[in-house]
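Coordinate analysis (summary)
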Amino acid sequence: MATRQVARSGLPLMNIVRMKGVPILKQLEIEECLLRTSSDNWCIINDGTDKPNIVMGISGKPAELVEIRPVLEDKIPVIRRFTGGGTVIVDHGTVFVSFICNKNDVADVQPYPRPIMSWSSLLYSQVFQGIADFRLRENDYVFGLRKFGGNAQSITKNRWIHHTSFLWDYEARNMSYLKHPQRAPEYRLARDHLDFICPMKDYISRSDFIRKTIDAAGNHFSVESTEFEAVKSPANMKFTPTSRLLTNHELEAAGKTSIL
Amino acid sequence: MASRLWASKAASYLKISTFNRGFASVVKDLKYADSHEWAKIDGKTATIGITDHAQDHLGDVVYVELPEVGTAVTQGNGFGAVESVKATSDINSPVSGKVVQVNEELSSSPGLVNGSPYENGWIIKVEMSNTDEVKSLMDSDQYSKFCEEEDNH
């Protein structure tokens, strides 16, 4: 049985890993490996990913969520990730923050989607205090009525991950690769994507956001830095990640389905 | 008043007991795991699903990841997942054995897990490799108490 790691402060330990420009598929592989094979708490921060990628949730159907023809023509990778939730297009302007926790180290949070989502919003409200009208609206982080952060989770028997893609900045033309999803939050109303989202850069710099997020994590955990090198290769060689890149064949088949 | 009387008669007929607060239901004669799955034991076969407590806490299920028939399952380990809200949540097997049937209806109607967690929302049937494992599961009274303690924590 793993020993619970507690700092002198009495707070549970959390390893902070800061990355920059790591491919999103690699980030997802690292996260799923840590969720399933580590017994430590982790905060993974990836400051931008290397190139535009579309990332769907576990049950995402490309025919419904993605404009297949332009995605194939422009060779945009489409990934299905191990967590639930919706579809995003991420690039160098996206800042990713992921919390991987033992449920016993966040004992006042029941290991279910909504309590975890609430806990995360409390943490981020500390980040944005005095900066913007931040709130959790349905399952999104918003300033007012505009979404700037999308969330997803995976919950195992004793651990969970809550990860967020923050739109620090984005290219409007990339959003046109995504369809209006069937399952959209009520507060979106009938807005086009560009009327529904907003860039974080209008409110806070990248470095301030990352620094304040680590500070906010420090209110709940005793945080220590861990090098990316320590996590980039899975320690447990038996582990096989489930996030994967969809093949052109799969996308083409989806494209035929969406025409029917 | 009449509907409450009807509900308690129906509950008695279905062998369902409700918590004091009228929240999640349990079914007598089922066995329960502390990860909120139930097992209905019939000889060497166990039918498995998630409890009313679990489905209530998870929210609307929009997708169920089912194992292949023939997959080996181990007591306490994950064999599939449900997606609800923005989360995938592992489903753990209360018993060890081999999957002999999966509920294909869940592919088109994942909401059965919410609407009928103990009946039409069953997830897999397992041919058990060790029926003694059932002794380590909770009965309905023990599980009711377990849920109450967990929710009060």
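- Looking up chain B in an unreviewed UniProt entry gives the name Glycine cleavage system H protein, with the organism given as Tagetes erecta.
- A UniProt comment under Sequence similarities (unreviewed entry) is attached to chain B, and it reads "Belongs to the GcvH family."
- For chain B, the Subunit (unreviewed entry) comment in UniProt is given as "The glycine cleavage system is composed of four proteins: P, T, L and H."

- The name given to chain A in an unreviewed UniProt entry is BPL/LPL catalytic domain-containing protein, with Tagetes erecta as the source organism.

1. A closer look at the UniProt feature "domain: BPL/LPL catalytic" (unreviewed entry) in chain A
- With numbering aligned to this structure, UniProt lists the feature "domain: BPL/LPL catalytic" (unreviewed entry) at residues 39-225 of chain A.
- Helix makes up 24% of residues 39-225 of chain A and strand 30%, with an end-to-end C-alpha separation of 17 Å.

2. Observations concerning the UniProt feature "domain: Lipoyl-binding" (unreviewed entry) in chain B
- Listed under "domain: Lipoyl-binding" (unreviewed entry) in the UniProt record, and renumbered for this structure, are residues 45-127 of chain B.
- Each end of residues 45-127 of chain B is marked by a C-alpha atom, and these two atoms are 5 Å apart; helix forms 18% of the span and strand 43%.

3. What about the environment of B:Leu106?
Residue and element names in this part refer to chain B.
- If you trace the backbone, Leu106 turns up in helix H3 (residues 105-108).
- In this structure Leu106 comes out as buried when scored by relative accessible area, which is 1%.
- Separated by 15 residues in sequence, Leu106 and Gly121 place their C-alpha atoms 7.3 Å apart.
- Residues contacting Leu106, with those up to four places away along its chain left out, are Val64, Leu66, Leu112, Val113, Gly121, Trp122 and Ile123.

4. Points about the pairing of strand E11 (residues 124-128) of chain B
All names here are of chain B.
- Only one face of E11 is covered, namely the one carrying Ile124, Val126 and Met128; the face carrying Lys125 and Glu127 has none of its residues buried.
- In terms of strand pairing, strand E5 (residues 45-50) meets E11 through four bridges, oriented antiparallel. Its bridge partner being in E11, Thr45 is matched across the sheet by Glu127.
- Bridge count between strand E10 (residues 97-102) and E11: five bridges; the pairing is antiparallel. Across the sheet, residue Gly97 finds its bridge partner in E11, namely Met128.

5. So, the interface of chain B and chain A
- Listed by partner, the interface residues are 24 residues for chain B and 24 residues for chain A.
- In total, about 1900 Å² of surface goes out of reach between chain B and chain A, with carbon and sulfur atoms giving 50% of it.
- Its largest share of buried area at the contact with chain A, chain B owes to B:Lys86, B:Thr88 and B:Asp90, together 36% of the area lost on that side.
- For the interface between chain B and chain A, the tally reads one salt bridge.
- Between B:Asp90 and A:Arg36 there is a salt bridge whose closest N-O contact spans 2.7 Å.
- Secondary structure elements with two or more residues in the side of chain B that touches chain A: helix H2 (52-58), strand E6 (61-65), strand E8 (78-84), strand E9 (87-92) and helix H5 (140-152) of chain B.
- Looking at the side of chain B that touches chain A, its residues break down into six nonpolar, eleven polar and seven charged.
- Alignment of strand E9 (residues 146-155) of chain A against E9(B), held across three bridges, turns out to be parallel. Residue pairing for E9(B): A:Ser154 is matched across the bridge by B:Thr88.

6. What about the sheet that holds strand E7 (residues 72-73) of chain B?
Residue and element names in this part refer to chain B.
- On the basis of which strands lie adjacent, the open sheet formed by six strands has the order E3-E4-E5-E11-E10-E7 and antiparallel pairing. The open sheet is flanked by strand E3 (31-32) and E7, the only strands paired with a single partner.
- For E3 and strand E4 (residues 37-42), the ladder comprises two bridges, and the chain directions are antiparallel. When the sheet's bridge partners are listed, Tyr32 is paired in E4 with Trp38.

Criteria and cut-off values
Residues numbered from 1 in each chain as written. Chains lettered and ligands numbered in written order. Predicted model: local features only at pLDDT ≥ 70, side-chain atom pairs only at ≥ 80, totals over all residues. Heavy atoms only, no water. UniProt positions renumbered as here; feature names shortened; annotations may be inferred. Helix = DSSP H or I, 4+ residues; strand = E, 2+ residues; numbered from the N terminus. Buried < 20%, exposed > 50% of the residue type's maximum accessible area, 1.4 Å probe, protein only. Contact = heavy atoms within 4.5 Å. Pairing = 2+ DSSP bridges. Buried area = accessible area lost by both parts, 1.4 Å probe. Salt bridge = Lys/Arg side-chain N within 4 Å of Asp/Glu carboxyl O. Nonpolar A, V, L, I, M, F, W, Y, C, P; charged D, E, K, R; others polar.

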